[in-house]
Amino acid sequence: MEKITNQIPKNISISAFLGEKESLRVRLLSQAVSLALFILLWRRMSLYYNNQLLLPTPGSTFTAFIGLFGDPEIWENLLLTLERVLKGFACALLIGAPIGLLMGSSKIAMYMFDPLLGCIRQVPLMAWIPLSIIWFGLGNGPTIFMIALAGIFAVVLNTVAGVRNISPDYYHAARSMGAGTWCIFLRVVLPCALPDILGGARLALGSGWMAVICAEFIATSAGFGFSMVEAQTRMETEKLLALMVLGALVGYTMDKCVCAIGNRLTRWK
Amino acid sequence: MIKLKVDHIRKTFSRNGEEQIVLEDVSFSVDEGRFVSILGPSGCGKTTLLSILAGFQRATGGSITLGDRKVSGPGPDRGFVFQNYALFPWMTVRENVMFPMKRQRIPKDQRERTFARLIGIAQLEGRENFYPKELSGGMKQRTAFIRALAGQPEILLMDEPMGAVDFQMRQKLQEELESLWLKERITVIMVTHDVDEAVYLSDRVIVLSARRGCIMDDSPIDLPRPRDRDDQHYEGHKARLSAQLRMAFRES
Ligand SMILES: Nc1ncnc2c1ncn2[C@@H]1O[C@H](COP(=O)(O)OP(=O)(O)OP(=O)(O)O)[C@@H](O)[C@H]1O
Ligand SMILES: [Mg+2]
C-alpha cells in the first residue's frame, strides 16, 4: 500500500540547485508579484470578454467579496459548513487512524481490510451521494458522511505506511528494555507513526472541504455550497466568484492550522 | 565465575530452498565482569550472533545460558546498544534513559538517583531535555550506552557501537567508553571489525571466520588499563589480530 502524498513536502529546500537565498523580503515580494500577475491576467480576460455574467472583473468581485461580510446569511451558512467539515473530519480520523494502526500492526488485519478498502476506494466519491441521501435524508447526514468518506482513505493509508516504516530496531530496543506489547504500541508505534497520521489528517481535511461543497450542491438546502448554487441561479456571478475566493481562503487557513498543530505535536522531528 | 555460556550455536537461513549456513558451531563462555570483543570480517555473522544472544532472533540449534537461566527471547537482563543507537527520536534524553527503569517499575526516587548518576558519568548534564536530533554523534552514543545501563542488565551487548563516527571521534569515544565501563564493571560483549578498537577495549578477543562462521581464535589481551596505543605489546596484539583477520577474510 503506498502512501498518498499530493502535496509539496515541507523541509525540502527547493532552491538547492539554483542557489537562491531565503529571506522574508524575497518571499513576500515573490508572493506579491505572483498575486499581481494573476489579478492582471484575470482583469485582461474579463475586459476582453466584457461580460459581467461570464467573467466579472477583479474589481466587481472584490466589491462582492466585501459585500459578503455584511450578509449574515453567508456567515450562518459558512459556520454550518465548517461544523459539518469538522464533524466529518473527526469521523475520518477517529475511524481511519485505528483501522490504519491495526492494519499496519497485524498481518491478519491487513489481509482482511486491504482488498475491501482497495475496492471501496475505487468507487467515485460523487457516486455515493444518491445512496447517502437514501440513507441519511437531506441535510447534515449525507454531507458529514461524504466528508468522512472523502478523507478516511488518506488517513488509513498514511497511518499504515507510518506503522510499516517503523524500524524493527525500535521494537527490539523496547523489548530488550522490558516493554510489553501494549506498552510498545503506546510508547513506540503511536508516537512513531504520528507524523504520518497527521499527514493523512491534513489530506483528509483538504478533501473534506472539497467534498462538502459538492455534497451541499445536491444534498442540502443550507450551507456554503448551497449559497454558491443560489448565487449561480440568481445569475450573480461576481458573488459566486467572491464565494469561491472566500472558500479558498477558509480552506487555506484550515490547512495551515492543521500544519501548525502537527508541528507542535512532532517537535522532535 | 561464568556469566554467559554459548553452546554450539548454529544459525542457517534458507534462501530459495537452499540452506545458507551463517554460524556453523559457535561455543564460548564469558566470565563475570569481562569485556569481550567479537572480531570478524564484514558479513561473517557478527550481528546475527549478537542478536541471537539478545533474543531478537532464534538460533537454529544450540543454547545460551545467562547466569543459570536459558535465554529465549529478548529481556531486560541483557542491555543492547545498537549500531545506529536506536534512541527513540520522539523522546528526550531523559525520557529515553528513564524508559527501561519505568518498564521495570523501579520506584521514582530511586529512578531519579540512578538517572542523575548516569547523566553524570556520561557527561550529559544540561542535555537532559534535548531530543536525539539535537545531540552530536558522541552524545547519542553515550545516551544509548547509559540507556542500556539504566535497566541494570546483567550483561551488555554492543553492535559496533562506534561504527557511525569518524576516526578521531572513535578514539575519543573508546576512551570514554572504557572509563564508563571501569566505573560500572558490567559484563560486555562488543562486536566490531576494528582491530584497534578490540585491542584497546577488551580483556579478550574472539575472531570469527568469514566462511561458515566459526571461532578462529580466542585469546586474552593482558595489558594494563588505560592502554597506551603506542606501546610495543599493544602493537604486537594488533599485528597478530590483523594477520588473523586477513586470514579469516581470505577463507571466504
Ligand atoms: N534475515 C536474513 N536472511 C537471510 N540471510 C541473512 C539474514 N540476516 C543475515 N543474513 C546473512 O548472514 C550473513 C551474516 O550477516 P551479519 O549481519 O550477521 O554480518 P556481520 O558480520 O554483522 O557483518 P557487518 O560487519 O557487515 O555488519 C550475511 O551473509 C547475510 O547475508
Ligand atoms: Mg553487523
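Residues numbered from 1 in each chain as written. Chains lettered and ligands numbered in written order. Predicted model: local features only at pLDDT ≥ 70, side-chain atom pairs only at ≥ 80, totals over all residues. Heavy atoms only, no water.

Under the criterion given, the structure shown has 24 salt bridges over all chains. With a closest N to O distance of 3.6 Å, Arg234(A) and Glu230(A) form a salt bridge. Take Arg234(A): its relative accessible area is 48%, and that puts it in the partly exposed class. Arg225(B) is paired through a salt bridge with Asp203(B); the nearest N and O atoms lie 2.9 Å apart. Here Asp203(B) lies in the loop between α6 (195-201) and β9 (204-208) and Arg225(B) lies in the loop between β10 (213-220) and α7 (232-250), a separation of 22 residues in the sequence. (Salt bridge = Lys/Arg side-chain N within 4 Å of Asp/Glu carboxyl O. Buried < 20%, exposed > 50% of the residue type's maximum accessible area, 1.4 Å probe, protein only. Helix = DSSP H or I, 4+ residues; strand = E, 2+ residues; numbered from the N terminus.)

For the rest of this paragraph, the subject is the packing of helix α8 (residues 181-219) of chain A against helix α10 (residues 237-265) of chain A. Residues and elements named next belong to chain A. Two elements in contact, α8 and α10, have axes separated by 10 Å at closest approach and are oriented at 170 degrees. Judged by the angle between their axes, α8 and α10 are roughly antiparallel. Contacts from Leu194, Leu198, Arg202, Leu205 and Trp209 of α8 reach α10 at Gly247, Val250, Gly251, Met254, Asp255, Val258, Cys259, Gly262 and Leu265. Split by residue class, the contact of α8 with α10 holds nine nonpolar, three polar and two charged. (Axes fitted to C-alpha atoms, helices over the stretch in contact; angles between N-to-C directions. Parallel < 35°, antiparallel > 145°, perpendicular 65-115°, else oblique. Contact = heavy atoms within 4.5 Å. Nonpolar A, V, L, I, M, F, W, Y, C, P; charged D, E, K, R; others polar.)

This part takes up the interface of chain A and chain B. Each partner contributes to the interface: chain A provides 18 residues, whereas chain B provides 21 residues. Looking only at chain A, the three residues that lose the most surface to chain B are Met177(A), Arg187(A) and Trp268(A), adding up to 38% of its buried area. Where chain A touches chain B, the interface holds zero salt bridges. If you look at where chain A meets chain B, you find four residue pairs in polar contact (both at pLDDT 80 or more). (Buried area = accessible area lost by both parts, 1.4 Å probe. Polar contact = N/O pair within 3.5 Å; in protein donor to acceptor, adjacent residues only side chain to side chain.)

What follows deals with the site of ligand 1. All names here are of chain B. Inspection of the region around ligand 1 gives Phe13, Gln20, Val22, Ser42, Gly43, Cys44, Gly45, Lys46, Thr47, Thr48, Glu160 and His193 as its neighbouring residues. Here an oxygen atom of ligand 1 and a backbone polar atom of glycine 43 are 2.8 Å apart. Interatomic distance of 2.5 Å between a side-chain N/O atom of threonine 48 and an oxygen atom of ligand 1. For ligand 1, the protein covers 62% of the area, taking 640 Å² as the surface of the free molecule. (Near = heavy atom within 4 Å. Areas by Shrake-Rupley, 256 points an atom, 1.4 Å probe, with all protein chains shown as cover.)

Taking 1.5 Å per residue as the helical rise, helix α4 (residues 137-150) of chain B with its 14 residues ought to reach 20 Å, and the 20 Å between its terminal C-alpha atoms agrees with that figure. The buried fraction of α4(B) amounts to twelve of the 14 residues, a majority that puts the element mostly inside the structure. Those residues of α4(B) not exposed but buried are Gly138(B), Met139(B), Gln141(B), Arg142(B), Thr143(B), Ala144(B), Phe145(B), Ile146(B), Arg147(B), Ala148(B), Leu149(B) and Ala150(B). Turning to α4(B), the residues buried within the fold contact α7 (168-176) of chain A together with β6 (78-81), α2 (93-103), α3 (108-121), β7 (155-159) and α5 (167-184) of chain B. (Expected span 1.5 Å × (residues − 1).)

Looking now at the domain arrangement of chain B. All names here are of chain B. Here the domain parsing of chain B yields domain 1 (1-77 + 155-170 + 181-252) and domain 2 (84-152). Inter-centroid distance (C-alpha atoms) of domain 1 to domain 2 is 25 Å. Listed by partner, the interface residues are eleven residues for domain 1 and eleven residues for domain 2. In total, about 900 Å² of surface goes out of reach between domain 1 and domain 2, with carbon and sulfur atoms giving 68% of it. Sorting the residues of domain 1 by area buried against domain 2 places Pro76, Leu156 and Glu184 first, and these three jointly supply 43% of that buried surface. Along the contact surface separating domain 1 from domain 2 lie zero salt bridges. Taken together, the connections running from domain 1 to domain 2 amount to zero residue pairs in polar contact (both at pLDDT 80 or more). Secondary structure elements with two or more residues in the side of domain 1 that touches domain 2: β7 and α5. The greatest single-element share of the side of domain 1 that touches domain 2, amounting to three residues, is contributed by α5. For the side of domain 1 that touches domain 2, the residue count by class is nine nonpolar, no polar and two charged. (Domains from an automatic or database assignment.)

As a further point, take the sheet that holds strand β5 (residues 69-70) of chain B. Residues and elements named next belong to chain B. Strand order in this open sheet of ten strands is β5-β4-β1-β2-β10-β9-β3-β8-β7-β6, and the pairing throughout is mixed. Sheet topology places β5 and β6 at the edges, where each strand pairs with a single neighbour. Note that β6 and β7 share four bridges and pair parallel. The residue bridging arginine 78 from the neighbouring strand is isoleucine 155, located in β7. Across the sheet, helix α1 (residues 46-54) is in contact with β1 (2-15), β2 (18-31), β3 (35-39), β4 (61-66), β6, β7, β8 (187-192) and β9; its angle to β1 comes to roughly 120 degrees. (Pairing = 2+ DSSP bridges.)

Take the pairing of β4(B) next. Residue and element names in this part refer to chain B. When β1 meets β4, the two strands line up antiparallel, connected through five bridges. Each bridged residue has a counterpart across the sheet, and for arginine 10 the counterpart in β4 is glycine 61. In terms of strand pairing, β4 meets β5 through two bridges, oriented antiparallel. Residue pairing across strands places threonine 65 opposite lysine 70, the latter belonging to β5. If you look at the hairpin formed by β4 and β5, you'll find two residues sitting between the two strands, and glycine 67 has a positive phi there, around 60 degrees.

Turning next to the nonpolar core. Counting 74 residues, the largest nonpolar core has Leu4(B), Phe28(B), Phe88(B) and Ile189(B) as its most contacted members. With 13 residues, α8(A) is the single largest residue contributor to this core. If we ignore the near neighbours within four places in the chain, the residues touching Ile189(B) are Leu4(B), Phe28(B), Val30(B), Val36(B), Ile38(B), Leu50(B), Leu53(B), Ile155(B), Leu156(B), Leu157(B) and Met158(B). Membership of the second largest hydrophobic core comes to 47 residues, among which are Leu135(B), Ala148(B), Leu149(B) and Met190(B). (Core = buried A, V, L, I, M, F, W, Y, C linked by side-chain atoms within 4.5 Å.)

Moving on to the confidence of the model for chain A. Summarising the model, chain A shows a mean pLDDT of 89, and 94% of its residues fall at 70 or more. Per-element confidence in chain A ranges from a low mean pLDDT of 89 for helix α9 (residues 224-233) of chain A to a high of 95 for α7(A). (pLDDT = per-residue confidence, 0-100.)

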